[in-house]
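Results of the structural survey
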Amino acid sequence: MAMKWILTFAYFAFMYWCVRKAHESAAEYAATGMLRSPLYWTAMILICFLFGLALSERYVLTQSSTLIWAWWAALGATVIALLIVRRAMKWRYPI
């Protein structure tokens, strides 16, 4: 019973620390103008697309092999695009 309380407290302490760190990062991004950047929003759209691909994996694996190859191609293209956008953001906003 005590272990549950310790783990619960550790979880909430970690979440509090993550929120504080995210708040500091968001303030830093806002100060540099990064939150209004088209590169930033492109990266966010690509990340949402990547999550969508990750959530559709189970459906794709039950379908034909053609769909699986298209899924792998979309996954590879998204990862490559994210890496390019990330490099551009690091070049444009060296935080």
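Let me begin by describing the structure that accompanies this report. If you're wondering where the values come from, they're calculated on a predicted model, not measured in any experiment.

Now for the packing of aromatic side chains. Scanning all chains against the criterion turns up four aromatic pairs. Taking the centre distance of 5.3 Å and the plane angle of 85° together, the rings of Tyr 40 and Trp 41 count as edge-to-face.

Attention shifts here to the nonpolar core. Met 34, Tyr 40, Ala 43, Leu 46, Leu 82, Val 85, Met 89 and Tyr 93 together form the largest nonpolar core, which totals eight residues. Going through the elements one at a time, α2 (38-55) and α4 (65-92) are the ones with two or more residues in this core. Excluding residues within four positions of it along the chain, Leu 82 makes contact with Ala 43, Leu 46, Ile 47 and Leu 50. If you look at the next biggest cluster of nonpolar residues, it comprises five residues, including Leu 53, Val 60, Ile 68 and Trp 71.

Its location among the elements puts Thr 78 in helix α4. A relative accessible area of 5% places Thr 78 in the buried class. Setting aside anything within four residues of it in sequence, one finds Thr 78 in contact with Leu 46, Phe 49, Leu 50 and Leu 53.

With that out of the way, let us pick up the side chain of Ser 37. Along the chain, Ser 37 falls in the loop between α1 (2-32) and α2. A relative accessible area of 5% means that Ser 37 is categorised as buried. Of the polar contacts made by the side chain of Ser 37, one reaches the backbone nitrogen of Leu 39; its length is 3.1 Å.

What counts and what doesn't
Residues numbered from 1 in each chain as written. Predicted model: local features only at pLDDT ≥ 70, side-chain atom pairs only at ≥ 80, totals over all residues. Heavy atoms only, no water. Phe/Tyr/Trp six-rings, centres within 6.5 Å; stacked < 30°, edge-to-face > 60°. Core = buried A, V, L, I, M, F, W, Y, C linked by side-chain atoms within 4.5 Å. Buried < 20%, exposed > 50% of the residue type's maximum accessible area, 1.4 Å probe, protein only. Helix = DSSP H or I, 4+ residues; strand = E, 2+ residues; numbered from the N terminus. Contact = heavy atoms within 4.5 Å. Polar contact = N/O pair within 3.5 Å; in protein donor to acceptor, adjacent residues only side chain to side chain.

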